[in-house]
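The primary structure of each chain is shown beneath.
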Amino acid sequence: MTVETERETGTTRARVRKLARARVEDFARVEAFASRGETTPLERAPRLSETLDCGAEIWIKRDDVYGTLTGGNKTRKLEFLMAEALEEGATMVVTQGATQSNHARQTAAACAKLGLKCHILLEDRTGRRDENYTRNGNVLLDDLFGATREYRPGDRGLNMNEEMEIVAKAYRARGERVYTIVGGGSCPTGALGYVRAAYEILDQAREMDLDIDHLVHATGSAGTQAGLAVGLHSVDADVNLLGFGVRAPRDVQESNVHDLALRTCAKLGCTPIDRSKIVADSNYVGEGYGIPSTSTVDAIRLFAETEGVLLDPVYSGKAAAGLIDYCLTGTFKPGEKIVFLHTGGATSLHGYLDAFA
């Protein structure tokens, strides 16, 4: 490739990136949730990298400190979702999640900030009945943010989004203008938050002269991975994206992410993303969703002791366990640059005292 061709290619990519970013900015967003200049730190993790001693260089994208809603990846989604709720004249938001749901907590905070009522359906996915789990952590914060809640059993195969719509219908009958948000905010509107985050990460890496080999993160309800995948795809970024699953088997998780990614592509107006771009590893789920394994707890301790960074037992802790294992087994190679997207959730640690006894 000649210098002129390289220059033309670089110019074309810059133009494509600019157009893709412009399309995202066409959608309404609640900017009141953003803080710290709207970007979160992309920090090198030298002590973690040194401790793992595999030759890979680890960086952490600190979305755990994003925004004003106690931090976490769901805030990026809620910027777009709550803007849509306001456009529709909503007086109440109804959503659903697991007992210690980070999404529920951030949605409750968003509603408090915007003066909307918030009602949450919490699904029991662990079978735990102890007060520390059912009343502390994110559940306590749901209360403090003024949300009301009700529960559903997790062993009856209920479709929680359908349950949520039944509840929303009842509130509408009482005169509320209800806006519903699917679990995790994982719909095309919510995924736009991580399309935008992908551009942010690429911009930061370019400014730091950082060539990212792998971008890894926890993947559950699919919105974060779908958004990142579409964002990287829309600008033809040469970055390997890997989601570490926290609940579903690999084939189910990848299918869910790809389906949402396709719908997000359609919303954004970009070409459909190929199925091969969606990769998930569900080998670190352990006994099930919301149940931390030994490797999860070890990962949380390692990040805390080496970098002063707190992970959570449901999402980021399991993704970190995968990251650590990939380093120790040589899957990540010496010299590779690994960015770990920290999706937040440390507020739920207080509901898991027994795991750290």
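You'll find the structure just up there.
Residues numbered from 1 in each chain as written. Predicted model: local features only at pLDDT ≥ 70, side-chain atom pairs only at ≥ 80, totals over all residues. Heavy atoms only, no water.

Enquirer: Describe empty space enclosed by the protein, listing the residues and the values that go with them.
Expert: Counting across every chain of the model gives 1 cavity of 30 Å³ or more. Volume-wise, the largest cavity comes out at about 120 Å³. Along its surface, the largest cavity is lined by 16 residues, and Asn73, Lys74, Ala218, Gly220 and Thr224 are the ones closest to its centre. Where the lining of the largest cavity is concerned, the elements lending two or more residues are helix H3 (74–87), strand E7 (214–219) and helix H9 (223–234). Residue contributions to the lining of the largest cavity peak at 3 residues, all from H9. Along the lines of polarity and charge, the residues of the lining of the largest cavity split into 3 nonpolar, 11 polar and 2 charged. (1 Å grid on protein atoms, 1.4 Å probe; cavity = no way out; pocket = protein on both sides within 12 Å on 5 of 7 lines; lining within 4 Å. Points joined across faces, edges and corners; volume = space filled by probe spheres on them. Helix = DSSP H or I, 4+ residues; strand = E, 2+ residues; numbered from the N terminus. Nonpolar A, V, L, I, M, F, W, Y, C, P; charged D, E, K, R; others polar.)

Enquirer: Account for the pattern of salt bridges, with residues named and values stated.
Expert: A complete count under the given rule lists 23 salt bridges for this structure. A salt bridge links Glu57 to Arg44, with the shortest nitrogen-to-oxygen separation between them at 3.5 Å. Note that Glu57 is positioned in strand E2 (residues 57–62) and Arg44 in strand E1 (residues 42–44), a separation of 13 residues in sequence. Residue Asp143 pairs with Arg149 through a salt bridge whose shortest N-O separation is 2.2 Å. Residue classification places Asp143 among the partly exposed residues on the basis of a relative accessible area of 31%. (Salt bridge = Lys/Arg side-chain N within 4 Å of Asp/Glu carboxyl O. Buried < 20%, exposed > 50% of the residue type's maximum accessible area, 1.4 Å probe, protein only.)

Enquirer: An account of the packing of helix H11 (residues 294–307) against helix H12 (residues 316–328) is requested, with residue identities and associated values reported.
Expert: Across the interface, H11 lies against H12 with an axial gap of 8 Å and an inter-helix angle of 85 degrees. When the axis of H11 is compared with that of H12, the two are roughly perpendicular. Residue-level contacts link Ser295, Thr296, Ala299, Ile300, Leu302 and Phe303 of H11 to Gly317, Lys318, Ala320, Ala321, Leu323 and Ile324 of H12. For the contact of H11 with H12, the per-class residue count stands at 8 nonpolar, 3 polar and 1 charged. (Axes fitted to C-alpha atoms, helices over the stretch in contact; angles between N-to-C directions. Parallel < 35°, antiparallel > 145°, perpendicular 65-115°, else oblique. Contact = heavy atoms within 4.5 Å.)

Enquirer: Describe the sheet that holds strand E3 (residues 92–98), naming the residues involved and giving the relevant values.
Expert: The strand order E5-E4-E3-E6 describes an open sheet built from 4 strands, whose pairing is parallel. Each end of this open sheet is capped by a strand with a single partner; those strands are strand E5 (148–153) and strand E6 (178–181). Pairs of neighbouring strands in the sheet enclose a mean axial angle of 20 degrees, with direction left out of account. The strands touched by H3 within the sheet are E3 and E6, with E6 carrying the most contacts at an inclination of about 155 degrees. (Pairing = 2+ DSSP bridges.)

Enquirer: A description of the sheet that holds E7 should follow, citing residues and the corresponding values.
Expert: Spatially, E1-E2-E10-E7-E8-E9 is the arrangement adopted by the 6 strands of the open sheet, whose pairing is mixed. At either end of the open sheet lies a strand with only one pairing partner, and these are E1 and strand E9 (280–281). Where E7 lies against strand E10 (residues 337–342), 3 bridges are found, and the strand directions are parallel. By the bridge assignment for E10, His214 is matched with Ile338.

Enquirer: Kindly report on the packing of aromatic side chains, identifying the contributing residues and their values.
Expert: Counted under the stated rule, the structure contains 6 aromatic pairs. With 5.5 Å between their ring centres and 85 degrees between their planes, Tyr133 and Tyr352 make a pair best called edge-to-face. With Tyr133 in helix H5 (residues 131–135) and Tyr352 in the segment after E10, this residue pair connects regions lying 219 residues apart in the sequence. The pair formed by Tyr133 and Tyr352 is uniform in burial state, with each residue classed as buried. Note on Phe244 and Tyr326: the rings are 5.1 Å apart at their centroids and 85 degrees apart in plane angle, and the pair reads as edge-to-face. In this pair, Phe244 is assigned in strand E8 (residues 240–245) and Tyr326 in helix H12, connecting sequence segments 82 residues apart. Of the two residues, Phe244 and Tyr326, both sit in the buried class. Chaining the aromatic ring pairs together yields one cluster made of Phe244, Tyr284, Tyr326 and Phe332. Over the ring of Tyr194 we find Arg76; its NZ or CZ atom is 5.7 Å from the centre of that ring. Positioned above the aromatic ring of Tyr352, the side-chain terminus of Arg128 is 5.5 Å from the ring centre. (Phe/Tyr/Trp six-rings, centres within 6.5 Å; stacked < 30°, edge-to-face > 60°. Lys NZ or Arg CZ within 6 Å of the ring centre and 35° of its normal.)

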